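Commentary on secondary and tertiary structure
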Amino acid sequence: MSIITVRAFQEKDAEEVANLIGRNFKEVNAKDYGICAMMEMSRSHNAEWVLDVAGYAHMYVFCEGEKIVACGSIASFWGSPDESIILTVFVLPEYHRKSIGRKVIKTLEQDEFYTRARRVEIPASITACDFYRKFGYDYKNGCDELDDEGHYRLEKWRN
């Protein structure tokens, strides 16, 4: 594997990022949520949706050469000046288990939305929950049950 570079998301990346997210839903998350639900998620998380997220979040793409192999974003949590939320962390399925997800989290944890926050939340899929917990994110309010959106709400408190 060659070097993975990181850069800020650009509008021209929207379609490629949407395809990357869709592949994860269909090829990875379907094991936990079922293929029908993930096909619907893939349709709704299109380029327009990606651009919407990029409009309020700091979104990054991770590239091998010109190819986008991962993405991640962080935003203010409902406009809070001292709470943030990590969103859209996805790695192309064939690049899983190559420390790229770790690079995504480490990049997001250097962003100003992270460094200014007392608390950072992650809506974690069943599939990714254990991954985030390795970085010190724990169940919000000790609740290890799925919310209405099928996520575990994880959080990390910072000093």
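Our subject is the structure listed above.
Owing to the predicted nature of the structure, the values given are computational and were not obtained by experimental measurement.

**Quick word on the packing of helix α1 (residues 14-33) against helix α3 (residues 47-56)**
With their axes 8 Å apart at the nearest point, α1 and α3 run at an angle of 105° to one another. Taken together, the axis directions place α1 and α3 in an arrangement best described as roughly perpendicular. Contact residues: Ala14, Glu15, Val17, Ala18 and Ile21 in α1; Ala47, Trp49, Val50 and Leu51 in α3. The residue inventory of the contact of α1 with α3, partitioned by class, reads eight nonpolar, no polar and one charged.

**Points about the packing of aromatic side chains**
Under the counting rule described, the total for this entry stands at four aromatic pairs. Relative to Tyr132, the ring of Phe131 lies with its centre 5.4 Å away and its plane at 65°, an arrangement referred to as edge-to-face. For Phe131, a relative accessible area of 26% gives the class partly exposed. Taken together, a centroid distance of 5.7 Å and an interplanar angle of 65° make the contact between Tyr139 and Tyr152 edge-to-face. Of the two residues, Tyr139 sits in strand β6 (residues 138-139) while Tyr152 sits in strand β7 (residues 152-157), which places them 13 residues apart along the sequence. Like Tyr152, Tyr139 is buried. Aromatic ring contacts, followed pair by pair, group Phe131, Tyr132 and Phe135 into a single cluster. Looking at Arg119, its charged tip hangs above the ring of Phe77, at a distance of 5.0 Å from the centre.

**Section: the state of the cysteines**
Enumeration according to the criterion identifies zero disulfides in this entry. Free cysteine Cys63: the closest other cysteine sulfur is in Cys71, separated by 11 Å.

Parameters at a glance
Residues numbered from 1 in each chain as written. Predicted model: local features only at pLDDT ≥ 70, side-chain atom pairs only at ≥ 80, totals over all residues. Heavy atoms only, no water. Axes fitted to C-alpha atoms, helices over the stretch in contact; angles between N-to-C directions. Helix = DSSP H or I, 4+ residues; strand = E, 2+ residues; numbered from the N terminus. Parallel < 35°, antiparallel > 145°, perpendicular 65-115°, else oblique. Contact = heavy atoms within 4.5 Å. Nonpolar A, V, L, I, M, F, W, Y, C, P; charged D, E, K, R; others polar. Phe/Tyr/Trp six-rings, centres within 6.5 Å; stacked < 30°, edge-to-face > 60°. Buried < 20%, exposed > 50% of the residue type's maximum accessible area, 1.4 Å probe, protein only. Lys NZ or Arg CZ within 6 Å of the ring centre and 35° of its normal. Disulfide = S-S within 2.5 Å.

All we've got here are geometric facts, nothing functional implied.
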